[in-house]
Protein chains: 2
Amino acid sequence: MTTVLATKIARDYGTPALVIDMDRVERNIARVQAACDAAGVANRPHIKTHKSPFLARLQRDAGAKGITCQKLGEAEVMVEGGLDDILISYNLLGDEKMQRLGALLQRASITVTADNPVVLSQLSQAADVAGRPVPVVIECDTGRKRAGVETPAEAIALAKAMTELKGVTFAGFMLYPTENGWPQAQRFFDEALAGVRALGLEPSIVSTGGSPNLKNLGQLKGATEHRPGTYIYNDRMQVDAGVAGWDDCALYVYATVVSRAGPDRGILDAGSKTLTSDTGGLDGHGLILEHPEAKIARFAEEHGFLDLTRSNTRPNVGDIVRIVPNHVCVVVNMVDEILMVRGDDIIGTLPVAARGKLR
Amino acid sequence: MTTVLATKIARDYGTPALVIDMDRVERNIARVQAACDAAGVANRPHIKTHKSPFLARLQRDAGAKGITCQKLGEAEVMVEGGLDDILISYNLLGDEKMQRLGALLQRASITVTADNPVVLSQLSQAADVAGRPVPVVIECDTGRKRAGVETPAEAIALAKAMTELKGVTFAGFMLYPTENGWPQAQRFFDEALAGVRALGLEPSIVSTGGSPNLKNLGQLKGATEHRPGTYIYNDRMQVDAGVAGWDDCALYVYATVVSRAGPDRGILDAGSKTLTSDTGGLDGHGLILEHPEAKIARFAEEHGFLDLTRSNTRPNVGDIVRIVPNHVCVVVNMVDEILMVRGDDIIGTLPVAARGKLR
């Protein structure tokens, strides 16, 4: 059950291959932009998912206010690719990074985050290099236990520190509420907002995040923007979260069945070095469109081991299958380029230009 | 508690960074070569761990008979880098790969594996391109439930098929016994060997595999070679398997503490896009040398979240720590280059030349 397109891909490029359907990509970009417009918040897509200036420009041209990067190296690639108005949603630290941040600030509008005073004080160095202050949003953790200050009081103290420190300016708040934690995020934000206003500060950016949170878009009163990432491709996690259907999944991993290795087993040429071991909290490592009952049960580095005990159909050695990965962002990060298709036509290759920018 | 070397690395390169100690690399290469020599089996190191022709040449110059690759793309990089006598321990399939395999066979001595007749019949195509037959070893699964024929009878049937098929020649057997399954592997091999001898065939390669199996080196009567990979760097899994000590771990991930985010927590700038979600079956995602009681409990893509509840010491924001990863092979696969050090000196950068060779 190998499709016409799969046959072309295997013949001209070989498997495993990451393939994006550009019709779906464009539809996903338009749909989420329209949702942001309707909710009255700006769209600042996170490019960690695609790492491509070409796709970031499509997002911008569709109406995105700016973009989000997680690494300085990603931001450098994006500025090189013509993007501007970039939020680096990360605590940057270290002399080497301050030099680079300072240089980048001379070329583009960059905002960074901080959740502690050590990061703040380092940012002064970047300001010295840039010859102008660094705008900083305060990252607030409203329940995920990831990065971010844990209380409004800490947020207010950081904002106050910014008023006393040369080279940084208070730009606002960044939040990443849990999917059911938006009321909690609102209370946190309201208290922090009152506190900074008492200091004479006003946030210009109040940023919420996450593709799974698209269902909560606009729920935070005072939010100015949202940072969705995964929506451009979608994946099994987004379908599981209820924010995308299978037809919204724009990226498939094409893989070949290279061995059956027993009646209830099968082996794909996509292992942990292609699909990654990140399960995203789901059972199995991806949905095989041709064999939805098959489970990608475990991996070797270049092998995906199928459990076919619950499958009504068995693939043959040589079959090419399409896999919707669990977590598309980490899968894209494994490759240097992706194939672009429309319908049954391969229309080109897309460099994952910011991949490998470890720092 | 940031070391002198860590300070240099952060200043000149930034974190996260993958760093190898070349004294340890050379010691690991020499130690395993000596063990193979003592056991009377050739050494055919698997380059999937380092993906570097430079290091493969060090292994060859220390006495390795040849190398093992898992992908055609890896083998192409190695041939380009001056290596020869390569076993591609993988079922290769598809027209595009057969063209490339044929071309490679014209440049170097290449052996491939097969565990099913579909793969065998495809290899004839490569032989047509090369103008000479393809040597094939039969992959045998003696208990791991990975790739490989499951019975000696299947192995013998495949060997017989080779005698009837133009373009392939029987080269021997490849096994990857479980750590306690060497008696079982011996029975499998003995029966398969008797069967192929009855066909008038004699294996020139009988290859066993795995760094954790170094403790079983030479245990298979009739084995001609072993394929260890991870031993060049070692990792937490190898220490856990009892084949390496912490002082044999030659690769560290240097990471910066970018946030504390609560009294019993900490955040590193190394997440699932650096350390990968591959736990290797261990608890936590690596050993932090400076804080061995700290647990790298979970990841975001660019964040490693520390659980410090059992730690006697707490890192400060800005500290640079050294991490021994759980499974070094998949971590190396994330980066384009690695820093090489001796003692406290950074002596150069090493391209991970065969990284990203997805096919």
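Definitions and cut-offs
Residues numbered from 1 in each chain as written. Chains lettered and ligands numbered in written order. Predicted model: local features only at pLDDT ≥ 70, side-chain atom pairs only at ≥ 80, totals over all residues. Helix = DSSP H or I, 4+ residues; strand = E, 2+ residues; numbered from the N terminus. Rg over C-alpha atoms; globule rule 2.2 N^0.38 Å. Buried ≥ 20, exposed ≤ 12 C-beta atoms within 10 Å, placed from the backbone. Contact = placed C-beta atoms within 7 Å. Pairing = 2+ DSSP bridges. Nonpolar A, V, L, I, M, F, W, Y, C, P; charged D, E, K, R; others polar. Domains from an automatic or database assignment. Least-squares fit on C-alpha atoms with pLDDT ≥ 70 in both. Arc of directions from axis to C-beta. Right-handed = clockwise from strand over helix to strand, strands pointing away. Axes fitted to C-alpha atoms, helices over the stretch in contact; angles between N-to-C directions. Parallel < 35°, antiparallel > 145°, perpendicular 65-115°, else oblique. Left-handed = near helix turned anticlockwise from the far one by under 90°. pLDDT = per-residue confidence, 0-100.

Chemist: Just to check I follow, could you spell out the overall build of chain A for this structure?
Modeler: Secondary structure assignment for chain A yields ten helices and 17 strands. A globule of 359 residues ought to have a C-alpha radius of gyration of about 21 Å, and chain A, at 22 Å, matches this closely. With the C-alpha coordinates of chain A rotated into their principal frame, the extents come out at 70 × 40 × 35 Å. Counting across all 359 residues of chain A, residues that qualify as buried make up 58%. Counting contacts in chain A only where the partners sit at least 6 residues apart, residues at least 24 apart contribute 68% of the total.

Chemist: Can you walk me through the environment of Gln238 of chain A in this structure?
Modeler: Residues and elements named next belong to chain A. By the element assignment, Gln238 lies in helix 9 (residues 236-241). The class for Gln238 is buried, based on 25 C-beta atoms found within 10 Å. Residues Gln238 and Glu96 lie 142 residues apart in sequence; the distance between their C-alpha atoms is 36 Å. For Gln238, the residues in contact, after removing those within four places along its chain, are Ser211, Pro212, Thr230, Val243 and Ala244.

Chemist: How should the pairing of strand 5 (residues 110-114) of chain B be read in this particular structure?
Modeler: Within a regular strand, the side chains alternate between the two sheet faces. All names here are of chain B. Within strand 5, five of the five residues are buried, leaving the element largely enclosed by the surrounding structure. Residues Ile110, Val112 and Ala114 line one face of strand 5 and the alternating positions Thr111 and Thr113 line the opposite face, and both faces are buried. In this structure, strand 4 (residues 86-91) lies alongside strand 5, joined through four bridges in parallel fashion. In the sheet register, Asn91 faces strand 5, and the bridge partner there is Thr113.

Chemist: Help me understand the interface of chain A and chain B in this model?
Modeler: The figure often quoted for interface size is the accessible area lost as the parts come together. Counting residues at the interface gives 53 residues for chain A, matched by 53 residues for chain B. Here the side of chain A that touches chain B is composed, by residue class, of 17 nonpolar, 18 polar and 18 charged.

Chemist: Explain the domain arrangement of chain A here, please?
Modeler: Residues and elements named next belong to chain A. If you check the domain split of chain A, you get domain 1 (4-20 + 237-351) and domain 2 (40-234). With 15 residues of domain 1 at the interface, the matching set in domain 2 holds 14 residues. Broken down by secondary-structure element, the contributors of at least two residues to the side of domain 1 that touches domain 2 are helix 9, helix 10 (328-332) and strand 17 (345-351).

Chemist: Help me understand the sheet that holds strand 5 (residues 110-114) of chain A, please; the structure alone is not making it clear to me.
Modeler: Backbone hydrogen bonds hold the strands of a sheet together, and the pairing may be parallel or antiparallel. Residues and elements named next belong to chain A. The strand order across the open sheet built from eight strands is 2-9-8-7-6-5-4-3, with neighbouring strands paired in parallel fashion. The sheet is open, and its two borders are formed by strand 2 (42-43) and strand 3 (67-69), each paired with just one other strand. Relative to strand 8 (residues 205-209), strand 7 (residues 168-175) is paired through three bridges, and the arrangement is parallel. The partner of Phe173 across the bridge, within strand 8, is Val206.

Chemist: Sorry if this is basic, but what is going on with the relation of the copies chain A and chain B here?
Modeler: Least-squares fitting of chain A to chain B yields an RMSD of 0.0 Å, with the superposition described by an axial translation of 0.0 Å and a rotation of 180 degrees. Classification of the inter-copy transformation places it as that of a two-fold axis. No C-alpha of chain A lies nearer the rotation axis than that of Ser277 of chain A, which sits 2.5 Å from it. The overlap is high: 100% of the interface residues of chain A also sit at the interface in chain B, so the same surface is used on both sides.

Chemist: I keep staring at the sheet that holds strand 3 (residues 67-69) of chain B and nothing clicks. Help me out?
Modeler: The strand order across the open sheet formed by eight strands is 2-9-8-7-6-5-4-3 (chain B), and the pairing between neighbours is parallel. Among the strands making up the open sheet, the edge pair consists of strand 2 (42-43) and strand 3 of chain B.

Chemist: Before we go on, may I ask you to explain helix 3 (residues 53-61) of chain B in this structure?
Modeler: Since the α-helix turns once every 3.6 residues, residues separated by three or four places project in the same direction. All names here are of chain B. All buried positions along helix 3 are accounted for by Pro53, Leu55, Ala56, Gln59 and Arg60. Buried residues in helix 3, looked at end-on, bunch into an arc of 160 degrees, giving them a common side. Where helix 3 is buried, its residues contact helix 2 (22-39), strand 3 and helix 4 (72-80). At the exit of helix 3 stands Gly63, carrying a positive phi of roughly 130 degrees.

Chemist: What exactly am I supposed to notice about the pairing of strand 7 (residues 168-175) of chain B here?
Modeler: All names here are of chain B. Within strand 7, seven of the eight residues are buried, which leaves the element mostly enclosed by the surrounding structure. The pairing of strand 6 (residues 134-140) with strand 7 spans seven bridges and is parallel. When the bridges of strand 7 are listed, Val137 appears paired with Gly172. Between strand 6 and its parallel partner strand 7, the chain crosses via helix 7 (residues 152-164), and the hand of that crossover is right-handed.

Chemist: What am I meant to see in the packing of helix 5 (residues 95-105) of chain A against helix 6 (residues 117-130) of chain A here?
Modeler: Each pair of packed helices gets described by two things: the angle between the helix axes and the distance between those axes. Residue and element names in this part refer to chain A. Between helix 5 and helix 6, the least distance of the axes is 7 Å, while the angle of their chain directions is 40 degrees. Regarding the angle of helix 5 to helix 6, the classification is oblique. Classified by chirality, the crossing of helix 6 by helix 5 is right-handed. On helix 6, the residues touching Asp95, Met98, Gln99, Leu101, Gly102, Ala103 and Leu105 of helix 5 are Gln122, Gln125, Ala126, Asp128, Val129 and Ala130.

Chemist: Explanation requested: the confidence of the model for chain A in the structure shown.
Modeler: The predicted coordinates should not be examined in detail at positions where pLDDT is low. On average, residues of chain A score 97 in pLDDT, and 100% of them are at 70 or above. Interface predicted TM-score (ipTM) for the complex: 0.97; the corresponding pTM is 0.97.

Chemist: In this structure, what is going on with the environment of Ala294 of chain A? I would like to understand it.
Modeler: All names here are of chain A. Within the fold, Ala294 resides in the loop between strand 12 (287-288) and strand 13 (295-299). By the C-beta count within 10 Å, which is 25 here, Ala294 ends up buried. Remark: the alpha-carbon pair of Ala294 and Arg265, spanning 29 residues in sequence, is separated by 9.3 Å. With residues near it in sequence (within four places) discarded, Ala294 still touches Ile288, Leu306, Leu308 and Ser311.

Chemist: Explain the packing of helix 7 (residues 152-164) of chain A against helix 8 (residues 182-198) of chain A to me, please; I cannot follow it from the model alone.
Modeler: Residues and elements named next belong to chain A. Contact geometry of helix 7 with helix 8 gives a least axis separation of 9 Å together with a crossing angle of 30 degrees. Taken together, the axes of helix 7 and helix 8 are roughly parallel relative to one another. Helix 8 is crossed by helix 7, and the crossing has right-handed handedness. Mapping the contact onto sequence places Pro152, Ala155, Ile156 and Ala159 in helix 7 and Phe188, Glu191, Ala192, Gly195 and Val196 in helix 8. Tallied by class, residues from the contact of helix 7 with helix 8 come to seven nonpolar, one polar and one charged.

Chemist: Could you clarify how one ought to interpret helix 5 (residues 95-105) of chain B in this entry?
Modeler: Within the span of helix 5 of chain B, buried status applies to Lys97, Met98, Arg100, Leu101, Gly102, Leu104 and Leu105 of chain B. The secondary structure elements touched by the buried residues of helix 5 of chain B are helix 4, strand 5, helix 6 (117-130) and strand 6 of chain B.

Chemist: Mind showing me how you'd approach unusual backbone geometry here?
Modeler: All names here are of chain A. Going from Thr15 to Pro16, the amide bond is cis rather than trans, its omega being -5 degrees. With respect to the element layout, Pro16 can be found in the loop between helix 1 (4-12) and strand 1 (17-21). A positive phi is found at Lys51, a non-glycine position, where the angle reads about 55 degrees. Mapped onto the fold, Lys51 is located in the loop between strand 2 and helix 3 (53-61).

Chemist: What's the story with the environment of Ile320 of chain B in this structure? I'm lost.
Modeler: Residue and element names in this part refer to chain B. Assignment of secondary structure puts Ile320 in strand 15 (residues 320-324). Note: C-alpha distance between Ile320 and Arg44 (276 residues apart in sequence) is 36 Å. Apart from residues lying up to four places away in sequence, Ile320 is in contact with Thr2, Ala6, Ala10, Thr15, Tyr254 and Thr256.

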